[in-house]
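# Architecture at a glance
So the chains spell out like this:
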Amino acid sequence: DWKEQAADSSQPLAESQLTVAPQKNEVKNLVSGALFQIRAGDLAKAKARIDRLAQLEPDAPEIARLRQLWNAKQSELAGDKGRKDLEQIDLARKQKEEQFGQQTERLFAQANYAEAQSAVGRWKLEVPGSSEAYAWQARIGEIQRQLQEYDSAFREKRYAEALSTLQKIEQANPADPN
């Protein structure tokens, strides 16, 4: 198995260590072509060349070294793809954060607290762990609690307490049109 051959190599790998003994031109071309394609990141073609080399010269020392280079390049490319995938996920998360933040802020400014709280609930589902969503949830929850206090105080004709609570609400949301 070529993976075991590559793993068994005890010497550090350097491309300069790939030497071709006096061989047929096809073997030389396969080695140099595989090296070029590995460097270029065309691993499918490089593997095909390495496999062809293994058919022509099964004992060629270049095979194990080429396979090590191929594995190293494959790992490098996989790491790059993983980083790019993570960057795209992070960008999508930031865009969702921004959209939900704007929607929640607009609803809050309109004093539409029930809708704002609902938007925050969706926000928390779509962007788990969003500290901004939790901050909005607390802010909206506090306003809703104060509105209940105001309603209770006003109904019970505790007007001074109702006025005090109303002032707290105005401080928490100066844009409230009510």
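In this text the structure is predicted, and so the values were computed from the model without any measurement.

### Quick look at the overall build of the protein chain
- For the protein chain, the helix and strand inventory stands at 7 helices and 0 strands.
- Along the protein chain, helices (α) and strands (β) appear in the sequence α-α-α-α-α-α-α when read from the amino end.
- Accessible area for the protein chain stands at about 11,500 Å²; split by element, carbon and sulfur atoms hold 51% of it.

### A short note on the pattern of salt bridges
- Scanning the model with the defined rule gives 11 salt bridges in all.
- For Asp 42, the salt bridge goes to Lys 45, with nearest N and O atoms at 3.8 Å.
- What makes Lys 45 partly exposed here is its relative accessible area of 49%.
- Ionic pairing is found between Lys 94 and Asp 90, a salt bridge with its closest N-O pair at 3.4 Å.

### Comments concerning the packing of aromatic side chains
- As enumerated under the stated definition, the model contains 5 aromatic pairs in all.
- Where Phe 154 meets Tyr 159, the ring centres are 5.6 Å apart and the plane angle is 70°; that geometry is what we call edge-to-face.
- By the ring-pair criterion, three or more aromatic residues cluster together here, those being Phe 108, Tyr 113 and Trp 136.

### A closer look at the side chain of Arg 67
- Summarising the element assignment, Arg 67 is placed in helix H4 (residues 61–109).
- Residue class for Arg 67 comes out buried when judged on its relative accessible area of 9%.
- A distance of 3.3 Å separates the side chain of Arg 67 from the side chain of Asp 51, its partner in a polar contact.

### Some thoughts on the packing of helix H6 (residues 131–155) against helix H7 (residues 159–172)
- It is the contact of H6 with H7, at a shortest axis distance of 8 Å, that shows an interaxial angle of 160°. Taken together, H6 and H7 sit at an angle that is classed as roughly antiparallel. Remark: the crossing between H6 and H7 carries left-handed chirality. Across from Arg 139, Ile 143, Gln 146, Leu 147, Glu 149, Tyr 150, Ala 153 and Phe 154 in H6, the residues of H7 making contact are Tyr 159, Glu 161, Ala 162, Thr 165, Leu 166, Lys 168, Ile 169 and Ala 172.

### Section: unusual backbone geometry
- The phi torsion at Ala 111 lies on the positive side, around 60°, for a residue other than glycine.
- By the secondary structure assignment, Ala 111 is in the loop between H4 and helix H5 (113–126).

### Some words on the nonpolar core
- Judged by nonpolar contacts, the single largest core of 15 residues is most densely connected at Ile 38, Ile 50, Leu 53, Ile 63, Leu 66 and Trp 70.
- Of all the secondary-structure elements, those providing two or more residues to this core are helix H2 (25–40), helix H3 (43–56) and H4.
- Ala 111, Ala 116, Val 120 and Ile 143 belong to the second largest nonpolar core, which has 14 residues in total.

### Quick look at the confidence of the model for the protein chain
- Scored by pLDDT, the protein chain comes out at a mean of 81, with 84% of its residues at no less than 70.
- The low-confidence segment residues 1–16 (pLDDT under 50) makes 21 contacts with residues lying over four places distant or belonging to another chain.

Rules used in this analysis
- Residues numbered from 1 in each chain as written.
- Predicted model: local features only at pLDDT ≥ 70, side-chain atom pairs only at ≥ 80, totals over all residues.
- Heavy atoms only, no water.
- Helix = DSSP H or I, 4+ residues; strand = E, 2+ residues; numbered from the N terminus.
- Areas by Shrake-Rupley, 256 points an atom, 1.4 Å probe, with all protein chains shown as cover.
- Salt bridge = Lys/Arg side-chain N within 4 Å of Asp/Glu carboxyl O.
- Buried < 20%, exposed > 50% of the residue type's maximum accessible area, 1.4 Å probe, protein only.
- Phe/Tyr/Trp six-rings, centres within 6.5 Å; stacked < 30°, edge-to-face > 60°.
- Polar contact = N/O pair within 3.5 Å; in protein donor to acceptor, adjacent residues only side chain to side chain.
- Axes fitted to C-alpha atoms, helices over the stretch in contact; angles between N-to-C directions.
- Parallel < 35°, antiparallel > 145°, perpendicular 65-115°, else oblique.
- Left-handed = near helix turned anticlockwise from the far one by under 90°.
- Contact = heavy atoms within 4.5 Å.
- Core = buried A, V, L, I, M, F, W, Y, C linked by side-chain atoms within 4.5 Å.
- pLDDT = per-residue confidence, 0-100.

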